[in-house]
Amino acid sequence: MRAATPLDQPRAFGQAFVSTKNRNGVSALDGLRQSGALKLMFPTRRDLTEATIVNTSGGVTGGDVFSIRATAGAGSHLILTTQAAERVYRAQQGQIGRVETALTAEADSTLFWLPQETILYDDAVLHRRLTVELAADARFLMVEPVLFGRRAMGEDARRLTFRDRIDVRRDGVALYRDAITLDGAVGATLDRPAVAKGARAMASLLWVDPAADARLERVRAHLGPTGGASLLQSGVLALRLLAEDGFELRRALLPVLDLLTENTLPQSWRL
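Presented here is an overview of the structure given in this document. (Residues numbered from 1 in each chain as written. Predicted model: local features only at pLDDT ≥ 70, side-chain atom pairs only at ≥ 80, totals over all residues. Heavy atoms only, no water.)

Structural notes on helix α3 (residues 246-261)
Reasoning step 1: In this model α3 runs 21 Å from its N-terminal to its C-terminal C-alpha over 16 residues, within 8% of the 22 Å that 1.5 Å per residue would give.
Reasoning step 2: When the local axis directions of α3 are compared, the greatest deviation, roughly 30 degrees, occurs at Leu253, which is followed within four positions by the proline Pro255.
Reasoning step 3: Every buried residue belonging to α3 is among Gly246, Leu249, Arg250, Ala252, Leu253, Val256, Leu257, Asp258, Leu259, Leu260 and Thr261, and all of these are buried.
Reasoning step 4: Residues of α3 that are buried sit in contact with β9 (110-114), β12 (139-148), β15 (201-208), α2 (212-220) and β17 (236-243). (Helix = DSSP H or I, 4+ residues; strand = E, 2+ residues; numbered from the N terminus. Expected span 1.5 Å × (residues − 1). Bend = angle between axes of the 7 residues up to and from the residue. Buried < 20%, exposed > 50% of the residue type's maximum accessible area, 1.4 Å probe, protein only. Contact = heavy atoms within 4.5 Å.)

Following this line, the structure appears as structure tokens:
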């Protein structure tokens, strides 16, 4: 076995696991484990369980390793969000920040994965993976917003590495797969008219729910010319959105999220 080197060692490490169950018709906490720099908080909600992820290390940089697992048990409703935007900082040469999330939604459950923005800075290196396993009748909503610096603060991430993988399966069959690889002069790539035309904010959204067909046109009405939504199949809605900056991204996203969550969007999104 190869001996570990300094570049193999995590700068910050965190693991979090949460699961819910249906108790007398109300969602309740079933399991909880947390260690290292990841903590979970639970705002009071009467009819569902909301878990807020807190990264006490203050961000992600090269060498960091974070792992999140969550299960919405049969008949329960679980919402996962983050306390604030996640910042991904400059990495030392040869180091990679890693974030892996594994979600499971059991029979007749509802699971929302609603992290706030991931902000990528110059020379950030992030490899991120999200895997989701859905029961045949589970309902699921996911949003992944990403900012390339914050224009309001005079930031513009010009060079970085970002590898993002999303794999959603329903009843063991692939339902949605997405992959983004940006490496090197990312600012110049985003400036190309055929790529992002100068946009520095983007979001991907997936909604798996029988109500998706009926709400498609209402979702499209909020997106404007730099967004699009379509049905991958009945009950499965996918959305892509580009925006000049984080403010414009939120201005389009918030009405959509309010619509799809039926106004149960976590309060942290409005702070």
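After presenting the structure, the write-up continues.
Topic: unusual backbone geometry
Reasoning step 1: A positive phi is found at Asp123, a non-glycine position, where the angle reads about 65 degrees.
Reasoning step 2: Assessed through its relative accessible area of 32%, Asp123 is described here as partly exposed.
Reasoning step 3: Positioned with a positive phi, Asp171 is a non-glycine residue whose angle comes to about 55 degrees.
Reasoning step 4: Position of Asp171 among the secondary structure elements: in the loop between β13 (160-170) and β14 (173-184).

Regarding the sheet that holds β13
Reasoning step 1: As summarised here, the arrangement of the seven strands in space is β2-β1-β5-β8-β11-β13-β14, forming an open sheet in which the pairing is mixed. Two strands bound the open sheet, and with one partner strand each, they are β2 (26-36) and β14. The mean angle between the axes of side-by-side strands here comes to 5 degrees, regardless of whether they run parallel or antiparallel.
Reasoning step 2: In this sheet, β14 lies alongside β13 in antiparallel orientation, the contact comprising 11 bridges. By the bridge assignment for β14, Arg165 is matched with Ala179. (Pairing = 2+ DSSP bridges. Axes fitted to C-alpha atoms, helices over the stretch in contact; angles between N-to-C directions.)

So, the nonpolar core
Reasoning step 1: Counting 51 residues, the largest nonpolar core has Phe140 and Phe148 as its most contacted members.
Reasoning step 2: Apart from residues lying up to four places away in sequence, Phe140 is in contact with Leu103, Leu111, Trp113, Val132, Leu134, Val168, Leu206, Trp207 and Val208.
Reasoning step 3: Formed by 32 residues, the second largest nonpolar core is a distinct cluster that contains Phe112, Leu141, Trp207 and Leu257. (Core = buried A, V, L, I, M, F, W, Y, C linked by side-chain atoms within 4.5 Å.)

Description of the layout of surface pockets
Reasoning step 1: Within this model, the largest pocket holds a volume of roughly 430 Å³.
Reasoning step 2: Along the wall of the largest pocket there are 28 residues; nearest its centre are Ile53, Asn55, Thr82, Ala84 and Glu86.
Reasoning step 3: Residue assignment for the lining of the largest pocket shows that the elements contributing at least two residues are β4 (49-55), β5 (65-72), β7 (86-88), β8 (97-105) and β11 (125-134).
Reasoning step 4: The residue inventory of the lining of the largest pocket, partitioned by class, reads 14 nonpolar, eight polar and six charged. (1 Å grid on protein atoms, 1.4 Å probe; cavity = no way out; pocket = protein on both sides within 12 Å on 5 of 7 lines; lining within 4 Å. Points joined across faces, edges and corners; volume = space filled by probe spheres on them. Nonpolar A, V, L, I, M, F, W, Y, C, P; charged D, E, K, R; others polar.)

A short note on the pairing of β4
Reasoning step 1: Within β4, seven of the seven residues are buried, which leaves it mostly tucked inside the rest of the structure.
Reasoning step 2: Both faces of β4 are covered, namely the face carrying Thr49, Ala51, Ile53 and Asn55 and the face carrying Glu50, Thr52 and Val54.
Reasoning step 3: Sheet topology note: the strand β3 (residues 38-41)/β4 ladder contains four bridges and is antiparallel. Within the sheet, the bridge partner assigned to Leu38 lies in β4 and is Asn55.
Reasoning step 4: By the bridge criterion, five bridges tie β4 to strand β6 (residues 77-82) in an arrangement that is parallel. Its bridge partner being in β6, Ala51 is matched across the sheet by Leu80.

Shape descriptors only; they carry no functional weight alone.
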